[in-house]
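Tertiary structure, described
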Amino acid sequence: MSEERSLNFLEEIVEEDIRDGKNGGRIHTRFPPEPNGYLHIGHAKSICLNFGLAQKYNGQTNLRFDDTNPVTEDTEYVESIKEDVKWLGFNWANELYASDYFDQIYAFALNLIRKGLAYVDDSTAEEIAAQKGTPTEPGTPNQYRSRSIEENIQLFEEMKAGKYPDGAKVLRAKIDLASPNMHLRDPLMYRIKHAKHHRTGDKWCIYPMYDFAHGQSDAIEEITHSVCTLEFIPHRALYDWFIKELEIFPSHQYEFARLNMTYTVMSKRKLMQLVKENHVESWDDPRMPTISGLRRRGYTPASIREFCERIGIAKRENIIDLSLLEFCIREDLNKTAWRRMAVLDPVKLVITNYPEGEGEILHGENNPEVEGGEGGRDIPFSREIYIEREDFMEVAPKKFFRLGPGLMVRLKNAYIIKCEDFVKDAEGNITEIHCTYIPESKSGHDTSGINVKGTIHWVSVPHAHTAEVRLYDRLFKVEDPASEEGDFKEYLNPESLHVITAYIEPDLATAIPGKGYQFIRKGYYTLDKHSTPGKLVFNRTVTLKDGWAKK
RNA sequence: UGCCUGAUAGUAUAAUGGUAGUACGACGGUUUUUGGUACCGUUUGUCUAGGUUCGAAUCCUGGUCGGGCAACCA
């Protein structure tokens, strides 16, 4: 039994269409990325929506690359997009490309010319812009608008044949230069670009514009519900106009509000800038909101799908709290991550009554959230251990349940210890803490009868391994960098990455790539893709919630 | 100042003329060998002014505010 959730407006539309027997009850969606950058969490929302809708209503989803602009597109992006969609857990019915339809779209264009509904315009880009008027003033026709059908056909064929240089001519739809909808003021259908296309190579030197490719591709694929974002609302009239005049399959366009998230930016153009100007390492830098960045950071597909489910689908502009994404990954990792101990900011602790040179092997379960603990691992213990510097206070406040002169804590999976003394250097830094342990308090065999409030993590000094640990924080220091004054890059968070060396328990040396680990009391971590057995590198996915830090 | 859109707690999202609910956040508590998790509780909302109606977040009218539209980008 699945929990009841009210339908979003698109599900309502789909259910109504099914009830009405529209398209024989068939549901076919598509996810249509342009291969000119990497997918981000905003695309994940669209992917979950499009694939989710089809899944829920027994339909299919095509992956269609909107590759109509050869100068910005590349197969590198095609590959990354396919990988990301698969990784998110979705299977497309067909892998398609708008460029597969170039012949068909060209025929559509000729068709419109023959109907007297399209013409070749020799004006420059500037002239066309000027002649379009403004939102409050109608556009003005030029001499090319009244060219004969025959002349238009000949010129368009010559454009295709490569007779003209880039920008010399365009093909325009002849609609209404006075329309209050700017998109209907004789929109461009084709432009000349003598550029090598990542799939069609040099076959074409004219390429259709988005408005004369997207809807046509939808029609060719008989997409029933073409879902896009709000900024395409004014394009819908044009989308419908082409369907009517071309008499092609009547796909219908629906719009929803794109995802925005606090402390990041969500435009491919801006993300591209961060990469190109080296503000981040790459598209998959773990600070990036890209799917590949989140993956490298340690986010799971399930957590991202859950996030997309929780944010909902509506038509109003929105900005989602980053904390919701963090909630989703914590929720997932809490259930699946294996617990391990790592000391990120170490200070040495000596257990003075523990025999020198001796040690023992303790046991810790992998995951307390799972019945039986999902197995466990050995943890070596000895007289000298590292603990977290912040777990000791020389002058401890009332509710500090950790170490300080005279205070007792439990060492996770080990003994209860009592702080007897500490050593400071000339600058006043704590360099060593001296404790005694209570032998009867061993984890699992505690007969001491002592109850302590706090438990801290630790790593045995002689057994400790080291690892580089990358502590990531939000990429920007303001909630909505795109809406701030000036360049968004001025708001980058200089603290977004701290690289440290940490002491880790030996078992972590065999950490599995792609798996999430909880460093107890600190956060969730995963191996970076550049980690090697000789030099371990962990990325912090997200911290644990810290109720104490807030006080 | 044209056209298109939208407006419900801090942030999202429901309620489809009939008790304004849920999640995240925040705050407080219980449990706990993770100050985590789990569980419980508290907090804050229908943009505004009219109208229709027994009854309006919902329908109507005016206003206010937000977003989009004048790329040979998608």
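In what follows, the structure referred to is the one given above.
Residues numbered from 1 in each chain as written. Chains lettered and ligands numbered in written order. Predicted model: local features only at pLDDT ≥ 70, side-chain atom pairs only at ≥ 80, totals over all residues. Heavy atoms only, no water.

**Topic: the packing of helix H11 (residues 301-311) against helix H12 (residues 322-336)**
Packing of H11 against H12 leaves a shortest axis separation of 9 Å and a crossing angle of 135 degrees. Compared by their axis directions, H11 and H12 come out oblique. The hand of the H11/H12 crossing is right-handed. Residues Ala302, Ser303, Glu306, Phe307, Arg310 and Ile311 of H11 pack against Leu324, Leu325, Phe327, Cys328, Ile329, Glu331 and Asp332 of H12. Considering only residue class, the contact of H11 with H12 consists of eight nonpolar, one polar and four charged. (Axes fitted to C-alpha atoms, helices over the stretch in contact; angles between N-to-C directions. Helix = DSSP H or I, 4+ residues; strand = E, 2+ residues; numbered from the N terminus. Parallel < 35°, antiparallel > 145°, perpendicular 65-115°, else oblique. Left-handed = near helix turned anticlockwise from the far one by under 90°. Contact = heavy atoms within 4.5 Å. Nonpolar A, V, L, I, M, F, W, Y, C, P; charged D, E, K, R; others polar.)

**Brief notes about the side chain of Glu73**
Tracing the sequence through the fold places Glu73 in the loop between strand S2 (60-65) and helix H3 (75-87). Buried charge Glu73 goes without a salt bridge, the closest partner of opposite sign being Arg191 at 7.0 Å. In this structure the side chain of Glu73 is engaged in a polar contact, spanning 3.4 Å, whose partner is the backbone nitrogen of Thr68. Looking at Glu73, its side chain comes within polar contact range of the main-chain nitrogen of Asn69, at 3.0 Å. (Buried < 20%, exposed > 50% of the residue type's maximum accessible area, 1.4 Å probe, protein only. Lys, Arg positive; Asp, Glu negative; His and termini not counted. Salt bridge = Lys/Arg side-chain N within 4 Å of Asp/Glu carboxyl O. Polar contact = N/O pair within 3.5 Å; in protein donor to acceptor, adjacent residues only side chain to side chain.)

**Some details on the protein's contact with RNA strand B**
Near RNA strand B there are 64 residues, and of these Glu12, Arg310, Arg316, Ser443 and Gln518 occur at the shortest range. For RNA strand B, the fraction of atoms within 4 Å of the protein that belong to sugar or phosphate moieties is 62%. The contact in question runs from a sugar or linking oxygen of RNA strand B to an N or O atom on the backbone of Ile311, over 2.9 Å. One of the backbone N or O atoms of Ile319 is found 2.6 Å from a phosphate oxygen in RNA strand B. Broken down by element, the surface near RNA strand B gets its largest block of residues, four residues, from H12. Taken together, the residues of the surface near RNA strand B break down into 24 nonpolar, 20 polar and 20 charged. (Near = heavy atom within 4 Å.)

**Details of the packing of helix H2 (residues 41-56) against H11**
In the contact formed by H2 and H11, the axes pass within 9 Å of each other and the chain directions differ by 75 degrees. Comparing the axis directions of H2 and H11 gives the class roughly perpendicular. Residues Ile41, Ala44, Lys45 and Cys48 of H2 pack against Ile304, Arg305, Phe307, Cys308 and Ile311 of H11. Split by residue class, the contact of H2 with H11 holds seven nonpolar, no polar and two charged.

**A few points about the nonpolar core**
Within soluble globular proteins, side chains that are nonpolar generally end up buried alongside one another. If you look at the biggest cluster of nonpolar residues, it comprises 38 residues, and the most contacted ones within it are Leu112, Phe156, Leu171, Met189, Tyr190, Phe212 and Phe242. Looking at which element gives the most residues to this core, the answer is helix H4 (residues 102-114), with eight residues. The residues touching Phe156, leaving out its near neighbours within four places in the chain, are Tyr106, Ala109, Leu110, Ile113, Val120, Leu171, Tyr190 and Ile206. Counting residues in hydrophobic clusters, the runner-up holds 37 residues, among them Tyr97, Ile304, Ile329 and Tyr524. (Core = buried A, V, L, I, M, F, W, Y, C linked by side-chain atoms within 4.5 Å.)

**Some words on the environment of Gly133**
Within the secondary structure layout, Gly133 lies in the loop between helix H5 (125-131) and helix H6 (149-161). Gly133 sits in the partly exposed class, given a relative accessible area of 23%. Remark: the alpha-carbon pair of Gly133 and Met182, spanning 49 residues in sequence, is separated by 8.7 Å. When residues no more than four places from it in sequence are discounted, the contact partners of Gly133 are Pro138, Gly139, Met182 and Arg185.

What is shown is where atoms sit, not what they do.
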